[in-house]
Amino acid sequence: MKLTLWTYEGPPHVGAMRVATGMRSVHYVLHAPQGDTYADLLFTMIERRNHRPPVTFTTFQASDLGADTATLFKRAAQSAFDRFQPQAMIVGASCTAELIQDDPGGLASTLGLPCPVVPLDLPSYSRKENFGADETFLALTRALAQPCDRTAEVSCNILGATALGFRHRDDVAEITKLLTQMGIAVNVAAPLDATPEDLKRLPAAHFNVLLYPETGESAARWLEKTHAQPWTKTIPIGAEATREFIIEVAALANVSAQVDEKNLRQPWWSASVDSTYLTGKRVFIFGDATHAIAAARVASKEIGFEVVGLGCYNREFARPMRAAAKDYGLEALISDDYLDVEAAIIAAAPELILGTQMERHIAKRLGIACAVISAPVHVQDFPARYSPQMGFEGANVLFDTWIHPLVMGLEEHLLTMFREDFEFHDAAGPSHHGGKATPAQPILEPTPDAATQMIEAAQALADALHWLPDAERELKKIPFFVRAKARRNTEKYAAEKGVTQISIETLYEAKAHYAR
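Okay, so let's go over this structure. From a predicted model like this one, the values you see are computed outputs, not experimental measurements.

About the thresholds
Residues numbered from 1 in each chain as written. Predicted model: local features only at pLDDT ≥ 70, side-chain atom pairs only at ≥ 80, totals over all residues. Heavy atoms only, no water. Core = buried A, V, L, I, M, F, W, Y, C linked by side-chain atoms within 4.5 Å. Buried < 20%, exposed > 50% of the residue type's maximum accessible area, 1.4 Å probe, protein only. Helix = DSSP H or I, 4+ residues; strand = E, 2+ residues; numbered from the N terminus. Domains from an automatic or database assignment. Contact = heavy atoms within 4.5 Å. Salt bridge = Lys/Arg side-chain N within 4 Å of Asp/Glu carboxyl O.

1. Let's talk about the nonpolar core
Piece 1. Residues I285, F305, L310 and W402 are the most contacted members of the largest nonpolar core, which totals 59 residues.
Piece 2. When residues of this core are assigned to their parent elements, the largest contribution, eight residues, is made by helix α11 (residues 289-303).
Piece 3. Inspection of this core shows a minimum of three residues originating in each of domain 2 (145-253) and domain 3 (266-406).
Piece 4. Those residues in contact with F305 that lie beyond four places of it in its chain are L278, G280, K281, V283, A299, S300, L352, W402, I403 and L406.

In structure tokens, the structure reads:
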């Protein structure tokens, strides 16, 4: 462990909290000192949940260390059951409590509680939050899943969604709708919104849909080995991955892969005239491995960005991340140190960053456009609106979310470039506040002789100037509705400076000149 200002993942017991908080009728008894009791802030402030996390802390103090902390834990566990009456309990220790070796699992077993009690053995000093969530879900699945007959109709389980996950709520809803379209029932979605009674029915499904390998793959593998349930390997983030997911699911369920795509707009919007300005933009991508790998594919293959950096913070997924980075001619960045990430971003010089809340801060400091694609995130990335990342609607959301910061940057660029224009200068006021805008000065019509002289002067200027091919290509990247204005400003600047050949440098010098 090390002291740091920011961290991508908390200790493993935070992952266990994510599973317990996401489920219903489960209670987590955590042996922990007062300083570790911050769960309420994580889930009620950041995720804006309308109920407190189902966690009871023993909250021992320094003065308790010389006494009987084991009795303190047993008293807390009995009190939690008496008060909350859960269908199942999980017990464990925080990283600090692990040092006193009180064995919460063994202590809880002596209480004879009338519900399943699942002990957690999470190595706090060598593993982190996602591992803790994955192991907790696996422990609950192993303890509760019961052998049972398959459902009469084709069904599946959706695995991996937890509390505090990035758009997990909406992803589950979107994939459930997609599966329903295909004629496949969802038997259980877990751990998010599931109960211990639901986990008993997991083996009744014909196969499992794994949405988040970081928090659900161990359970998927155990269910395959123990109950002969295959599981999906394709993560449906992006239009093409969603189509591949549909084909994979159709093969497992023996149903048609024909699905209505009428609400999928991302492919056309990515290819539309408005989006061509974005083609070739340099993008740096960092987050958890699942979202980062998927984002790189969408950015490169579906939107037309150039991926110049790719990495993840969860070392358990270093191998697939390195393989993915190799496809783009890159060396993957595997690090949980935000300073390493910042240094890599500076070296790559991207025009857009797709990352976590950490990268949002880095991007703000460096003045680079940014969109969040992965946990850890802050309160603004738990929107009240429906905003999935997966499925066809997720593909639409990705396009809007990623393009927005670039378009805003383009607007600022254009307003700066044309700030001397009569419509855009600082004194003009907001264009949509007609009453507050400075009245336009009356335009005087030139006399016939003056008009002829103006036309001749403009023609002479055009004859004297020559646009180099690279400058013409750069000019064409400017949206058509302001391209003529950019050409006139550049030619006027070149004439004033006595330049006869307009290069890319001239074009950007003109931009800087009029920005001043």
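Resuming the write-up.
2. Here we look at unusual backbone geometry
Piece 1. The linkage connecting A190 with the following residue, P191, adopts the cis geometry, with an omega of 5°.
Piece 2. Along the polypeptide, P191 turns up in strand β6 (residues 185-191).
Piece 3. Unlike most non-glycine residues, N254 shows phi in positive territory, near 60°.
Piece 4. By the element assignment, N254 lies in the loop between α9 (239-253) and α10 (266-271).

3. Remarks on the pattern of salt bridges
Piece 1. In total, this model carries 21 salt bridges according to the counting rule given.
Piece 2. In this structure, the salt-bridge partner of E47 is R49, at a minimum N-O distance of 3.0 Å. No difference in accessibility class separates E47 from R49, as the two residues are buried.
Piece 3. For K281, the salt bridge goes to E351, with nearest N and O atoms at 3.2 Å. Residue K281 is found in the loop between α10 and β8 (282-287), and its partner E351 is found in the loop between α13 (338-348) and β11 (352-355); the two are separated by 70 residues along the sequence.
Piece 4. For E351, a relative accessible area of 32% corresponds to the partly exposed category.
Piece 5. One salt-bridge network, held together by shared partners, links K128, R315 and D336.

4. Considering the environment of A88
Piece 1. Assignment of secondary structure puts A88 in strand β3 (residues 88-93).
Piece 2. The exposure class assigned to A88 is buried, which follows from its relative accessible area of 0%.
Piece 3. In this structure, the C-alpha to C-alpha distance between A88 and V117, residues 29 residues apart in sequence, is 6.0 Å.
Piece 4. When neighbours within four sequence positions are excluded, A88 is seen to be in contact with S25, V26, H27, C115, P116 and P196.

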